[in-house]
Amino acid sequence: MTTREHVPLRTLTTFRLGGDARFVIDCENEADVYAARAFAKERGLPSYVLGGGSNVLAADDGYAGVIIRMNVPGIAEEAVAEDAARLIAGAGVSWDTLVAEAARRGLWGVENLAGIPGTAGAAPVQNIGAYGTELSGSLEWIDAVPADADRVERLAAAELALAYRDSRLKREKGWIVLRIALRLRRDGAPMLAYRDLASRKEAGEPLRTPAEVGRAVREIRAGKFPDLSVSGTAGSFFKNPVIRSAEAKALAERYPGLPVYPADEETSKVSLAWILDCVLDARGLSVGGARLFERQPIVIVAGDGATAKDVELLAETVARRVEEATGISIEREVRTLA
Ligand code: EPU
C-alpha cells in the first residue's frame, strides 16, 4: 500500500483534467482496502474508488478526500467444464490485458470488448459493452467489499442488476470490487452481427478465433475513438437514450434514417451520435478546449488548455439542444469524481 498527497487528478484520469486529490492510496489487496477506508474515516474525509480513471470527470478544484486506487493484480484460470473455463482477474488488471489473455487461451466471450480502456474491477460497475456484446454475457461473479463492513462478499452476476451501462455497483455507493470472474467458452463462435464487424467478414477478413476478432475490434475502435496517448477523453460521454418504442417510431418518422434498436418489449435504444450529427449538426461543437469528437460526436475530447468546466458546459449545452430538438432527456455515461 502506498499513500501519496496532493496528486493531480489529471495524472489519474484519461480525460487528463482535474485539480489535486488530497490523498491517493494504492491498494494491492483486501487488507489495503480496509486500511485505506480507516485512513479516510480517521480524518473525516470522503473517499472515491478509482480504477483506470477512464470513465470519470474530475473537477478543476480537485478532490478533498481520499482516492482509493485499486491495483489488485493477477489473472488465474480454472477449468469448469470440458467446453468452458473461468478466468479470475484482480480489480487492477487492465481490462484489455484480460481480453488478450482470454484470446491467447482460445477462450470466447469477451473478444468484442477488446480495446476498452480501464480496469477489470471497473468493468462490472457500468457493465461495459461494445459491438453487440456486454460484460453481463460472461461475468460469473465478483468479490467485493461492502460499504459498511470489513469483509468480502461474493456476488453472483445475477445479483448485480447488470443493465445497459448500469449496475447495482453504480447505484449503491461504497462497494469496492476486489476481483471478477468470467466464464468463457472454448467452443464459442464469432459474434459478428454488428455492422462494422459484418462488413469486414463480407470483405473476406479471417475472423475465426477470439484473437482475430479482438484484433479487428481494436482496429475499428482505433478508427472511431481518439487516441488516448494524444487526446484527453473518457470514450462515450453520454448513454444512447432508451425510450418508449412508440416515441422512437415517431422520432424516426420525423427524422428518417435515425438508427433505432429494440431494447425490450416496450422500449428502444436510439443512436445519440446520429442525433448529434444529423439532427443537430453538432460534430466538433466546442466550449473552450472541450469539443465533440469529429468522428464520433457522442465522445467528448479535452484538447489543449481544456478545463473540467469546459466539459461540463459543453455537456450541458448538448443535453439542452437534444432535449429541445427531440424531447429526450439524455443521461451521462461518464461519472463525476466528487
Ligand atoms: N453516427 C453518426 N455520425 C457519426 C458517428 C456515428 O451518424 O459521426 C451514427 C451511425 O449511424 C452509427 C451510429 O451512430 O451507426 C452508432 O455509432 P457507433 O457504432 O460508433 O456506436 P455508438 O452507439 O455511438 C456505442 C457505445 C460505445 C461502443 C460502440 C460500439 C454507448 C454509450 N456507446 O456507441 O461504447 O464502443 O457502441 O459498440 O453505448 C463507451 O461506452 O464509452 C463506448 C465507447
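Residues numbered from 1 in each chain as written. Predicted model: local features only at pLDDT ≥ 70, side-chain atom pairs only at ≥ 80, totals over all residues. Heavy atoms only, no water.

**Section: unusual backbone geometry**
- A positive phi angle, close to 55°, is found at arginine 16, a residue other than glycine.
- As for its placement among the helices and strands, arginine 16 is situated in the loop between strand E1 (2–8) and strand E2 (20–27).
- Look at arginine 16 and you get partly exposed, because its relative accessible area is 38%. (Helix = DSSP H or I, 4+ residues; strand = E, 2+ residues; numbered from the N terminus. Buried < 20%, exposed > 50% of the residue type's maximum accessible area, 1.4 Å probe, protein only.)

**Considerations on the packing of helix H2 (residues 95–104) against helix H5 (residues 210–224)**
- Direction vectors running N to C along H2 and H5 enclose 150°, while the axes themselves pass 8 Å from each other. Taken as a pair, H2 and H5 cross one another with a handedness that is left-handed. Residue-level inspection shows Asp96, Val99, Ala100 and Ala103 of H2 in contact with H5, the latter providing Pro210, Ala211 and Arg218.
- Partitioned by chemical class, the residues of the contact of H2 with H5 number five nonpolar, no polar and two charged. (Axes fitted to C-alpha atoms, helices over the stretch in contact; angles between N-to-C directions. Left-handed = near helix turned anticlockwise from the far one by under 90°. Contact = heavy atoms within 4.5 Å. Nonpolar A, V, L, I, M, F, W, Y, C, P; charged D, E, K, R; others polar.)

**Quick word on the layout of surface pockets**
- Of the pockets and cavities examined, the second largest pocket occupies roughly 150 Å³.
- Taken together, Phe15, Arg16, Leu17, Val230, Ser231, Gly232, Ala302, Gly303, Asp304, Gly305 and Ala306 form the lining of the second largest pocket.
- Of the residues assigned to the lining of the second largest pocket, the class counts are five nonpolar, four polar and two charged. (1 Å grid on protein atoms, 1.4 Å probe; cavity = no way out; pocket = protein on both sides within 12 Å on 5 of 7 lines; lining within 4 Å. Points joined across faces, edges and corners; volume = space filled by probe spheres on them.)

**Remarks on the nonpolar core**
- Residues Phe15, Trp95 and Ile180 are the most contacted members of the largest nonpolar core, which totals 79 residues.
- With seven residues, helix H8 (residues 308–326) is the largest single contributor of residues to this core.
- Once you skip the residues sitting within four places of it in the chain, phenylalanine 15 turns out to touch Val56, Leu57, Gly232, Thr233, Ala234, Phe237, Ile300, Ala302, Val311 and Val334. (Core = buried A, V, L, I, M, F, W, Y, C linked by side-chain atoms within 4.5 Å.)

**A look at the pairing of strand E12 (residues 176–185)**
- Most of E12 is tucked away: seven of the 10 residues are buried.
- The sheet contact formed by strand E10 (residues 139–145) and E12 spans six bridges and is antiparallel. Note that in E12 the partner of leucine 139 across the bridge is leucine 182. (Pairing = 2+ DSSP bridges.)

**Examining the side chain of serine 271**
- Summarising the element assignment, serine 271 is placed in the loop between strand E16 (267–270) and helix H7 (272–279).
- We classify serine 271 as buried; its relative accessible area is 13%.
- There is a polar contact of 3.1 Å between the side chain of serine 271 and the backbone nitrogen of tryptophan 274.
- Dropping the residues within four chain positions of it, serine 271 is found in contact with Asn240, Leu258 and Pro259. (Polar contact = N/O pair within 3.5 Å; in protein donor to acceptor, adjacent residues only side chain to side chain.)

**Some points on H7**
- Of all the residues in H7, the buried ones are Leu272, Ala273, Trp274, Ile275 and Leu276.
- Looking at the buried side of H7, the elements it contacts are E16, strand E18 (290–292) and H8.
- Sitting at the head of H7, serine 271 places a side-chain oxygen 3.1 Å from the backbone nitrogen of tryptophan 274.
- Phi for aspartate 281, located one or two positions after H7, is positive at around 50°.

**Examining the pattern of salt bridges**
- This model, assessed by the stated rule, comprises 28 salt bridges.
- Put simply, arginine 86 and glutamate 140 hold a salt bridge, and the shortest N to O gap is 2.6 Å. Taken together, the residues span a long stretch of sequence, with arginine 86 in strand E7 (residues 84–90) and glutamate 140 in strand E10 at a distance of 54 residues.
- Looking at arginine 86, the relative accessible area reads 16%, which means it is buried.
- Each of Glu77, Glu101, Arg104, Arg105 and Arg186 takes part in salt bridges that share partners, so that together they form one network. (Salt bridge = Lys/Arg side-chain N within 4 Å of Asp/Glu carboxyl O.)

**Quick look at the domain arrangement of the chain**
- Looking at the assigned domains, one finds that the chain contains domain 1 (2–70), domain 2 (75–223) and domain 3 (226–337).
- Computed from C-alpha coordinates alone, the two centres of domain 1 and domain 2 are separated by 25 Å.
- Residue-level contacts link 12 residues of domain 1 with 17 residues of domain 2.
- When residues of domain 1 are sorted by the area they lose upon contact with domain 2, Tyr34, Arg37 and Met70 head the list and together hold 49% of the total.
- Across the pair arginine 37 and aspartate 150 runs a salt bridge whose closest N-O atoms are separated by 3.0 Å.
- Counting the contacts that link domain 1 with domain 2 gives six residue pairs in polar contact (both at pLDDT 80 or more).
- Among the elements of the structure, helix H1 (30–42) and strand E5 (63–70) are those that each provide at least two residues to the side of domain 1 that touches domain 2.
- Ranked by residue count, the leading element in the side of domain 1 that touches domain 2 is H1, at four residues.
- Here the side of domain 1 that touches domain 2 is built from residues that sort into five nonpolar, five polar and two charged. (Domains from an automatic or database assignment. Buried area = accessible area lost by both parts, 1.4 Å probe.)

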